[in-house]
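# Secondary and tertiary structure notes
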Amino acid sequence: QQQVKQSPQSLIVQKGGISIINCAYENTAFDYFPWYQQFPGKGPALLIAIRPDVSEKKEGRFTISFNKSAKQFSLHIMDSQPGDSATYFCAASKRGAGNNRKLIWGLGTSLAVNP
Amino acid sequence: EPEVTQTPSHQVTQMGQEVILRCVPISNHLYFYWYRQILGQKVEFLVSFYNNEISEKSEIFDDQFSVERPDGSNFTLKIRSTKLEDSAMYFCASSDSKQYFGPGTRLLVL
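The paragraphs below set out a description of the structure included in this document.

Criteria and thresholds
Residues numbered from 1 in each chain as written. Chains lettered and ligands numbered in written order. Predicted model: local features only at pLDDT ≥ 70, side-chain atom pairs only at ≥ 80, totals over all residues. Heavy atoms only, no water. Helix = DSSP H or I, 4+ residues; strand = E, 2+ residues; numbered from the N terminus. Rg over C-alpha atoms; globule rule 2.2 N^0.38 Å. Buried < 20%, exposed > 50% of the residue type's maximum accessible area, 1.4 Å probe, protein only. Contact = heavy atoms within 4.5 Å. Areas by Shrake-Rupley, 256 points an atom, 1.4 Å probe, with all protein chains shown as cover. Lys, Arg positive; Asp, Glu negative; His and termini not counted. Charge placed at Lys NZ, Arg CZ, Asp CG, Glu CD. Pairing = 2+ DSSP bridges. Axes fitted to C-alpha atoms, helices over the stretch in contact; angles between N-to-C directions. Core = buried A, V, L, I, M, F, W, Y, C linked by side-chain atoms within 4.5 Å. Salt bridge = Lys/Arg side-chain N within 4 Å of Asp/Glu carboxyl O. Buried area = accessible area lost by both parts, 1.4 Å probe. Nonpolar A, V, L, I, M, F, W, Y, C, P; charged D, E, K, R; others polar. 1 Å grid on protein atoms, 1.4 Å probe; cavity = no way out; pocket = protein on both sides within 12 Å on 5 of 7 lines; lining within 4 Å. Points joined across faces, edges and corners; volume = space filled by probe spheres on them.

### A look at the overall build of chain B
When you go through chain B residue by residue, the secondary structure sums to 0 helices and 11 strands. By the compact-globule yardstick of 13 Å for 110 residues, chain B fits well, its C-alpha radius of gyration being 13 Å. Taken along its principal axes, the extent of the C-alpha atoms in chain B is 35 × 25 × 25 Å. Looking at chain B as a whole, 46% of its 110 residues are labelled buried. Relative to all contacts within chain B whose residues are 6 or more apart in sequence, the contacts with residues 24 or more apart total 52%. Accessible surface for chain B amounts to roughly 5600 Å². Of this, 47% is attributable to carbon and sulfur atoms. Positive and negative side-chain charges in chain B, numbering 10 and 14 respectively, have mean positions lying 2 Å apart.

### With respect to the environment of proline 8 of chain B
Residues and elements named next belong to chain B. Take proline 8: it is sitting in the loop between β1 (5-7) and β2 (10-13). Its relative accessible area of 25% is what places proline 8 among the partly exposed residues. In sequence terms proline 8 and tryptophan 34 are 26 residues apart; their C-alpha atoms lie 15 Å from each other. Residues contacting proline 8, with those up to four places away along its chain left out, are Ile20, Gly104 and Thr105.

### Description of the sheet that holds strand β7 (residues 65-68) of chain B
All names here are of chain B. Here we have 4 strands laid out as an open sheet, ordered β1-β3-β8-β7, and antiparallel in their pairing. Both edges of this open sheet fall to β1 and β7, since each of them pairs with a single strand only. Across the sheet, the axes of successive neighbouring strands diverge by a mean angle of 15°, strand direction being ignored. By the bridge criterion, 4 bridges tie β7 to strand β8 (residues 75-79) in an arrangement that is antiparallel. In the strand pairing of β8, glutamate 68 is matched with threonine 76.

### Considering the nonpolar core
With 25 residues, the main nonpolar core has Val4, Phe33, Trp35, Phe73, Leu75 and Tyr88 of chain A as its most contacted residues. When contributions to this core are tallied by element, the ones reaching two or more residues are β2 (10-14), β3 (19-25), β4 (33-38), β5 (45-50), β7 (62-67), β8 (72-77), β9 (86-92) and β11 (109-114) of chain A. Looking at this core, the element that brings in the most residues is β9 of chain A, giving 4 residues. Discounting residues that sit within four places of it in the chain, valine 4 of chain A has contacts with Cys23, Ala24, Tyr25, Phe30, Cys90, Ala92, Ile104, Trp105 and Gly106 of chain A together with Lys42 of chain B. Within the second largest apolar cluster, 22 residues are counted, among which are Trp34, Phe49, Val67 and Cys92 of chain B.

### Focus: the pattern of salt bridges
Residues and elements named next belong to chain B. Evaluated as defined, the whole model comprises 6 salt bridges over all chains. Here aspartate 86 ties to arginine 36 by a salt bridge, and the two come within 3.9 Å at their closest N and O atoms. Of the two residues, aspartate 86 sits in the loop between β8 and β9 (88-95) while arginine 36 sits in strand β4 (residues 31-37), which places them 50 residues apart along the sequence. Arginine 36 gets classed as buried once you look at its relative accessible area, which sits at 9%.

### Some thoughts on the interface of chain B and chain A
Taken together, the contacts link 18 residues of chain B with 21 residues of chain A. Buried surface at the junction of chain B and chain A, summed over both partners, amounts to about 1700 Å²; 56% is from carbon and sulfur atoms. Between chain B and chain A we count 1 salt bridge in total. The salt bridge partner of lysine 102 of chain A is glutamate 56 of chain B, with a shortest N-O separation of 2.8 Å. Mapped by element, the contributors of at least two residues to the side of chain B that touches chain A are β4, β5 (43-50), β6 (53-57) and β10 (99-101) of chain B. Residue composition of the side of chain B that touches chain A, by class: 9 nonpolar, 6 polar and 3 charged.

### With respect to the layout of surface pockets
Of the pockets and cavities examined, the largest pocket occupies roughly 460 Å³. The wall of the largest pocket is formed by 21 residues, among which Gln38, Thr87 and Phe89 of chain A together with Gln37 and Gly40 of chain B lie closest to the centre. Contributing elements (two or more residues each) for the lining of the largest pocket: β9 and β11 of chain A together with β9 of chain B. Counting only elements with at least two residues in the lining of the second largest pocket, the list comes to β5 of chain A together with β10 of chain B. Broken down by element, the residue count for the lining of the second largest pocket peaks at 3 residues, all from β10 of chain B. For the lining of the second largest pocket, a count of residues per class yields 9 nonpolar, 4 polar and 3 charged.

Rendered as structure tokens:
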């Protein structure tokens, strides 16, 4: 119920290509779905997030597609650049005790964009 | 841009020793979190903290762990008697509505 499943584990894309990372969740109480980007030696940085009342959110080259009925969401990186090479995590949360929002994380996807 | 800071960046300790990991959250944030990431595994929630008390904790967060905000700025995670399996990257996060993460402390228990 608490799991978030992420695929693929690793991804190699050519510069200018589209990177697609997929996540699936089980708990229908989740109502916030962020994507984090992590470079080696750094903490995760929030990239983009979506709530289930919309099916798509776009910020620059990054788009989240959300399918509530399938309990799936995905990150699309358009015109992928070598600087996008990083590990990407999807996560999900719901409001918990004391209004906290612990994040339940996917396993991560290591993206390499070849020049 | 405000950021979450953590110290130390690396900590090596002997099994059974106490460690304190420190975090300085973003100043106007009210919610604070600790997560850990064992090498090659997913990020795991440890504990959340609001209004000077724990609001939620995971099964990992047993009696060996404690958190406090001693002076209104620092947010600390103490592990009383470290075990080999506590070796991980520990991340602090602070939140207004979005969670912002520090760079982490890499803890190695020998």
